[in-house]
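Chain by chain, the residues run as shown.
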Amino acid sequence: MKRAFKILGYAVGVLVLLTGTAAAYISIKGIPSYEVKMTPEIAKLQVLRDSAAVARGAKIASILCNECHLSEDGKLTGKIMAEIPKPFGTIISRNITQDPEIGIGNWTDGELYYFLRTGIRQDGSWAPPFMPKFSRVADEDMYAIIAWLRSDDPRLAPDRREYPPTEYNFLVKVLGNTLFTAPPMPTQPIFIPDSTDKIALGKYLADGLYECFACHSGDMLKVDSDIPANSFGYYGGGIEMQNEDGEVVRSANITMDPETGIGAWNEQQFIDAVKYGKNPRGGSLQYPMTPRPILTEAEVSAIYAFLKTVPVQHHQVERYQPKITSR
Ligand code: HEC
Ligand code: HEC
C-alpha cells in the first residue's frame, strides 16, 4: 500500500494545475477535519479477542499494515516512509503499539474501527491519503485486525518511541481536499463470502481485502474505490510504478486474454506468481508486486477463479525488462 504513493506520484502532474484561488484556499484550510459520526453500536464495540481472530488479524496486517508501521528493528512504532516520492515531502507513519500515550493503548475498539474505516480520529482530525482507509473490508476482518492490535504480539508491546507528526505540504493538502477525502462509513454489514462460493471469495480477496484491482487497473486516477469493477481498465494493467531501484515497472494485465493477459497460464503458474513472486517467463516479479506466501493455495485459487469471470481486456502493457547482466 505504499503502492498508493508510488502511484500517486503520477497524480502530481494533474494536480499542479490547480492554482489561483483554489490554491490559496486549500493552503489556508490545510488537511480537512471531519465531524465524528459514530453510531452508538460502534461506540460500544468490543471485538472478540480469541486466538483465531488474532491469528487472522496478524495475517491480514502482514499484508496490509506492517510495511508502513513496522520499524527496522521489528516493532510497530512507525517510521519515516522513505519510499514516498519527493513531491509529497517527508511522511511519517505513527506508533501503533499499545503504549497508552504515544501509541493506541487508550483507543477503544470502536475508535479504532471508525478510524480504520474513515481515517477520522476522535478529535475530528483526519489521516491524509498515506494512511489507507479500509472501506470494503468485511466487518469480521476489521474486528480481526483490532483483535490483533490488542494481542500479546511482542511487536505491539508498549514502546514510547515517537516521531514528530508529519507536516503535510501543499500537494498533500490539495489531494486531501480533492481526490482523496474521508470515505463514508459502510451503511450495511460487509460479510466474508462463504469459502464454498469460490468466485465470491476470490472477488472479496482481490477487490475488497487485498486490493489487487487498485494496482492492476489502467489508471490510478480512475480507480473506483466504491465499485472496483467500474475502475478504468479493470485488471487490464498498465499503471506505472517504480521498483526499489527507481526503475519504471508497469502493472500486468491479469485478465484472461491469452496474448496480452494471463489467459495462457495454468493455475499453478498463477499460484507461484502470487505466493512466491515467480515469473513464468523466468526470474522473479518486480517490486511492488511482492510475494504473498502467507496466502493459502485455496485463497489464491479463489482469486484465479474470480479473475476468470472478469471481462477480458486485450491490452498490451509494456512490461519491465530486466537488464542483461554478465555472469
Ligand atoms: C501506506 C502506509 C500505511 C499503511 C499500509 C497503513 N498505515 Fe496506518 N498510518 C500511516 C500513516 C502515514 C499514518 C499517520 C497519518 C497522519 O499523519 O495523520 C498512519 C496512522 C495510523 C493510525 C493512527 C495513529 C495515531 O496515533 O493517530 C493507526 C491506528 C493506524 N495507522 C493503523 C493502521 C493499521 C491497523 C493498518 C493496517 C490495517 C495500517 N495502519 C496501514 C500509514 C499506513
Ligand atoms: C502494489 C501494486 C500491486 C498490487 C497490490 C498487486 N499487484 Fe500484481 N503486479 C504488480 C506489478 C507492478 C506487476 C508487474 C511486475 C513485473 O513486471 O515484474 C504485477 C504482476 C502480477 C502478476 C504477474 C502477471 C504477469 O503477466 O507477469 C500477477 C499474476 C499478479 N500481479 C497478481 C496479483 C494479485 C492476485 C494481487 C492481489 C493479491 C496483486 N497482483 C496485487 C502490482 C501489484
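Residues numbered from 1 in each chain as written. Chains lettered and ligands numbered in written order. Predicted model: local features only at pLDDT ≥ 70, side-chain atom pairs only at ≥ 80, totals over all residues. Heavy atoms only, no water.

### Here we look at the domain arrangement of the chain
Threshold: As annotated, the domain borders come from an automatic or database domain assignment. Contacts between residues were defined by any pair of non-hydrogen atoms, one from each residue, lying within 4.5 Å. Simply put, the buried area is the total loss of 1.4 Å probe accessible area from both parts when two parts are fitted together. We define a salt bridge as a contact between a side-chain nitrogen of Lys or Arg and a carboxyl oxygen of Asp or Glu at a distance within 4 Å. N or O atoms within 3.5 Å of each other form a polar contact, as long as, within protein, one can give a hydrogen and the other can take it, and as long as residues adjacent in sequence are counted only when both atoms are side-chain atoms. By the criteria applied, helices consist of DSSP H or I runs no shorter than four residues and strands consist of E runs no shorter than two, each listed in order from the N terminus.
Here the domain parsing of the chain yields domain 1 (3–177) and domain 2 (198–307). Here the C-alpha centre of domain 2 lies 24 Å away from the C-alpha centre of domain 1. If you look at the interface, domain 1 gives 15 residues, while domain 2 gives 23 residues. For the pair domain 1 and domain 2, the two sides together bury roughly 2000 Å², of which 60% comes from carbon and sulfur. Between the two partners, domain 1 and domain 2, sit two salt bridges. In this structure, Arg136 engages Glu211 in a salt bridge whose closest nitrogen and oxygen atoms are separated by 2.8 Å. The interface formed by domain 1 and domain 2 holds seven residue pairs in polar contact (both at pLDDT 80 or more) in total. For the side of domain 1 that touches domain 2, the elements supplying multiple residues, two or more each, are helix H1 (3–8) and helix H5 (51–64).

### So, the coordination of the iron atom of ligand 1
As a reminder of what qualifies: Donor atoms (N, O, S) are those found within 2.8 Å of the metal centre, with the cutoff raised to 3.2 Å for Na, K and Ca; water is not part of the atom list, so apparent gaps in a site can occur. For a four-donor site, all angles between 85 and 135 degrees give tetrahedral; for four or six donors, opposite pairs above 155 degrees with the remaining angles between 65 and 115 give square planar or octahedral; all remaining cases count as irregular. Burial here depends on accessible area, computed with a 1.4 Å probe over protein chains only, as a share of the maximum for the residue type. Under 20% is buried, over 50% is exposed, and the range in between is partly exposed.
In the first shell of the iron atom of ligand 1, the protein supplies His69 (NE2) and Met131 (SD), at 2.0 to 2.1 Å from the metal. Angles of 87 to 179° at the metal separate the six donor atoms of the iron atom of ligand 1, which places the site in the octahedral class. Taken together, the residues span a long stretch of sequence, with His69 in helix H6 (residues 66–69) and Met131 in the loop between helix H7 (109–118) and helix H8 (139–149) at a distance of 62 residues. Overall, the relative accessible area of 17% leaves Met131 in the buried class.

### Some thoughts on helix H13 (residues 297–307)
Helical geometry: 3.6 residues make up each α-helical turn, so side chains three or four residues apart lie on a common side. Counting buried positions along H13 yields nine of eleven residues, so the element is predominantly enclosed. All of the buried residues in H13 are Glu299, Val300, Ser301, Ala302, Ile303, Tyr304, Ala305, Phe306 and Leu307. Looking at the packing, one finds that the buried side of H13 touches H5, helix H10 (198–209) and helix H12 (267–276).

### Things to note about the coordination of the iron atom of ligand 2
By definition of the ideal shapes, four donors in a tetrahedron about a metal sit 109.5 degrees apart, and six donors in an octahedron sit 90 or 180 degrees apart. Only His216 (NE2) and Met289 (SD) from the protein coordinate the iron atom of ligand 2, and they sit 2.0 to 2.2 Å from it. Coordination at the iron atom of ligand 2 is octahedral: its six donor atoms span angles of 88 to 179° at the metal. One end of the pair, His216, is in helix H11 (residues 212–216); the other, Met289, is in the loop between H12 and H13, with 73 residues separating them in the sequence. Taking relative accessible area as the criterion, His216 reaches 11% and is therefore assigned buried. Met289 gets classed as partly exposed once you look at its relative accessible area, which sits at 25%.

### Digging into the nonpolar core
Our working definition: In this description, a nonpolar core means a group of buried Ala, Val, Leu, Ile, Met, Phe, Trp, Tyr and Cys residues linked to one another through side-chain atoms lying within 4.5 Å.
Judged by nonpolar contacts, the single largest core of 57 residues is most densely connected at Leu116, Leu149, Leu209, Tyr210, Tyr235, Phe270 and Leu307. When residues of this core are traced back to their parent elements, those giving at least two are H5, H7, H8, H10, H11, H12 and H13. When we break this core down by domain, the ones giving at least three residues each are domain 1 (3–177) and domain 2 (198–307). Non-local contacts of Leu116, meaning those with residues more than four positions away in its chain, are made with Met131, Pro132, Lys133, Phe134, Met142, Ile145 and Ile146.

### Focus on the site of ligand 1
To keep things clear, this is the line we draw: By convention in these notes, a residue is near a molecule or strand provided one of its non-hydrogen atoms lies within 4 Å of it. Charged means Asp, Glu, Lys or Arg here, nonpolar means Ala, Val, Leu, Ile, Met, Phe, Trp, Tyr, Cys or Pro, and polar covers whatever is left, Gly included.
Taken together, the neighbourhood of ligand 1 is formed by 26 residues, with Cys65, Cys68, His69, Met131 and Tyr168 sitting nearest. Taking Arg94, its side chain carries an N or O atom lying 3.5 Å from an oxygen atom of ligand 1. Those elements that place two or more of their residues in the shell around ligand 1 are H6 and H7. Here the shell around ligand 1 is composed, by residue class, of 21 nonpolar, two polar and three charged.

### Here's the deal with the packing of H12 against H13
To keep things clear, this is the line we draw: As a rule, the C-alpha atoms of each element are fitted with a line to give its axis, helices using only the stretch in contact, and angles between N-to-C directions run from 0 to 180 degrees. The hand of a helix crossing depends on one turn: near helix anticlockwise from the far one by less than a right angle means left-handed, and clockwise means right-handed.
At a closest axis distance of 10 Å, the pairing of H12 and H13 adopts a crossing angle of 120°. Handedness of the crossing formed by H12 with H13: right-handed. Along its contact with H12, which presents Glu267, Gln268, Phe270, Ile271, Val274 and Lys275, the element H13 presents Glu297, Val300, Ser301, Ile303, Tyr304 and Leu307. For the contact of H12 with H13, the per-class residue count stands at seven nonpolar, two polar and three charged.

### Side note on the packing of aromatic side chains
Rules: Two rings from Phe, Tyr or Trp (for Trp, the six-membered ring) form a pair when their centres are within 6.5 Å of each other. A pair whose planes differ by under 30 degrees is stacked, one over 60 is edge-to-face, and the rest are tilted. Lysine NZ or arginine CZ positioned within 6 Å of the ring centre and within 35 degrees of the ring normal marks a charge as sitting over the ring.
Across all of its chains, the model carries eight aromatic pairs by this definition. Ring geometry for Tyr113 versus Tyr143: centroids 5.7 Å apart, planes at 40°, classification tilted. Of this pair, Tyr113 sits in helix H7 while Tyr143 sits in helix H8, and the two are 30 residues apart along the sequence. Owing to a relative accessible area of 29%, Tyr143 belongs among the partly exposed residues under this scheme. Site record: aromatic cluster; members linked through ring pairs are Phe88, Phe130 and Tyr168. Directly above the aromatic system of Phe232 lies the positively charged group of Lys222, at a separation of 4.7 Å from the ring centroid.

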